[in-house]
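The lines below spell out each chain.
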Amino acid sequence: MNTFKKYFNSKRESSHTESVDNVYQLDGRVPLVRAIPFGLQHVLAMFVANITPIIIVASAAGLNSEQSAALIQCAMMIAGLGTIVQLYPVWKIGSRMPIVMGISFTFVSIFCVIADQYGYNAVVGAVLIGGLIEGILGLFAKYWRKFITPVVAASVVTAIGFSLLNVGAYSFGGGNGSADFGSGSNLLLGTITLITCLAFNIFAKSHYKQLSVLVGLIVGYIAAIFMGKVDFSGLTSTSIIELPQFLPFKPEFNINAIISAVLIFLVSATETIGDTSALAVTGLGREATEKEISGSIACDGFISSISALFGCMPITSFSQNVGLVAMTKVVNRFTILMGAIIMLLAGLFPAFGAVLATLPEPVLGGCTLIMFGSIVVSGLHMIAGCGYNQRNLLIVALSLSIGIGFTQVPEIFTIFPDIIKNVFAENCVAVVFLTAVILNLVLPKNMEEEQKSEVVEL
């Protein structure tokens, strides 16, 4: 009898475990009380990275705290909307995969340049046009995807990380052009934030490690308040609940800005291909389908254009959340939907964005140093995954050396027309992308075999 009970209980526990595992699959029925925490975890893993591009570009464009707060509010709503479309596609737009969307870091460096030269309205116009182009290309991805090979994508991701390192350093010092840049108080504040992030990441357990950036931001912010570096004056006129304003910035269509943005939209598409493929492999245990990749890129583009209508920046899939899915194996769409709804609700409360807009630059720098460095490391991992054969090494080495090297000496572009200089002279990501694509097309596919045959003949 006891043996029978043990057998029955073990079968019941096994069945319960299987049912719990099954509900967290793509279309399982997850109870609300479980879905909300998992959804919130995805929001916490990405929300700092979601608002950081807005803060950086708004600062470069000279926007005031009220305008920055409104854009942060919009960023949360756009991220929620994009995530919902990825989860539950509209026509062919969306992948039907647990992809979390957010404001893209990829565009930060080029939009800082565009905002400084042409104003933020030109940024909005470039996002509007570039998003439409990426969305249309996404619908026809099967015809051009073969040109964006893994080694091209790996080179681009590595370049993105390198291009953002000086952005993090400027923030750490107090913000580019600030009167007290590099002061002892700024460096101390950035160091406090950085050490907090590192300590929490080292000592926290399990999925709590994902909150290290959030904890660092909170500790750094509190320290900044005590040091008198937080300006709350912009909060006095902030309403409690407010819908994002439609067309707060009238789009300006500058051809140089549009060409620059379109090139980076192509780069963003390669990142989305990588994220979608990685999520399918790590979360679903299979390769991503053409339909899923096409829908994912189309969502990137068309939602980015919608984002521009509210004055916001382009949206893209978030690698942080791909990593979270890989760790937890929770790919259930309903749980991610809860996170998207939380983002939408956060976007309805302008006070939330206004508080985040008061973040001092050194606090932001302490957090972003790790985040930007992680992008570099992700690119290096992707390169390793492509294999260290001679062809891949040539593509990576030459594209990075030309892209990063030439843009550090922009005078080398002097003989070119202004349109070329404006697109490439200070945009290493665009140069790396173009160089890698060209090398991938012209270099022989069988370089290793040709070398071996020559050695045999000798």
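Under an unreviewed UniProt entry, the protein chain has the name Purine permease and belongs to Candidatus Cellulosilyticum pullistercoris. Listed under Subcellular location (unreviewed entry) in UniProt, the entry text for the protein chain is "Cell membrane".

(A) Main features of the overall build of the protein chain. A count of helical and extended segments in the protein chain gives 19 helices and 2 strands. For the protein chain, the residues scored as buried account for 52% of the 458 residues in total. Approximately 20,600 Å² of the protein chain is accessible, and the part contributed by carbon and sulfur atoms is 66%.

(B) Examining the pattern of salt bridges more closely. Counting across every chain of the model gives 4 salt bridges. Arg-333 is the partner of Asp-27 in a salt bridge, and the nearest nitrogen-oxygen pair spans 2.7 Å. Of this pair, Asp-27 sits in the loop between α1 (2-23) and α2 (32-61) while Arg-333 sits in helix α13 (residues 333-346), and the two are 306 residues apart along the sequence. What makes Asp-27 partly exposed here is its relative accessible area of 45%. Connected through salt bridges with shared partners, the residues Asp-27, Arg-96 and Arg-333 form a single ionic network.

(C) View of the packing of aromatic side chains. Per the stated rule, a full pass over the model turns up 7 aromatic pairs. Residues Phe-107 and Phe-111 carry aromatic rings whose centres are separated by 5.3 Å and whose planes lie at 25 degrees to one another, so their mutual orientation is stacked. Accessibility expressed as a relative area gives 0% for Phe-107, which makes it buried. Using a relative accessible area of 0% as the deciding quantity, one classes Phe-111 as buried. The interplanar angle of 50 degrees and the centroid separation of 5.9 Å between the aromatic rings of Tyr-170 and Phe-181 together place this pair among those described as tilted. With Tyr-170 in helix α7 (residues 150-173) and Phe-181 in the loop between α7 and α8 (184-203), the pair connects residues that are 11 residues apart, well separated along the chain.

(D) Looking closely at the packing of helix α3 (residues 65-87) against α13. Contact geometry for α3 and α13: axes closest at 7 Å, N-to-C directions at 155 degrees. The angle between α3 and α13 places the two elements in the roughly antiparallel class. As for the relative orientation of α3 and α13, their crossing is left-handed in sense. Facing Met-76, Met-77, Ala-79, Gly-80, Leu-81, Thr-83, Ile-84 and Leu-87 of α3, the residues of α13 in contact are Arg-333, Ile-336, Leu-337, Ala-340, Met-343, Leu-344 and Ala-346. Grouping the constituent residues of the contact of α3 with α13 by class yields 12 nonpolar, 2 polar and 1 charged.

Rules of the game
- Residues numbered from 1 in each chain as written.
- Predicted model: local features only at pLDDT ≥ 70, side-chain atom pairs only at ≥ 80, totals over all residues.
- Heavy atoms only, no water.
- UniProt positions renumbered as here; feature names shortened; annotations may be inferred.
- Helix = DSSP H or I, 4+ residues; strand = E, 2+ residues; numbered from the N terminus.
- Buried < 20%, exposed > 50% of the residue type's maximum accessible area, 1.4 Å probe, protein only.
- Areas by Shrake-Rupley, 256 points an atom, 1.4 Å probe, with all protein chains shown as cover.
- Salt bridge = Lys/Arg side-chain N within 4 Å of Asp/Glu carboxyl O.
- Phe/Tyr/Trp six-rings, centres within 6.5 Å; stacked < 30°, edge-to-face > 60°.
- Axes fitted to C-alpha atoms, helices over the stretch in contact; angles between N-to-C directions.
- Parallel < 35°, antiparallel > 145°, perpendicular 65-115°, else oblique.
- Left-handed = near helix turned anticlockwise from the far one by under 90°.
- Contact = heavy atoms within 4.5 Å.
- Nonpolar A, V, L, I, M, F, W, Y, C, P; charged D, E, K, R; others polar.

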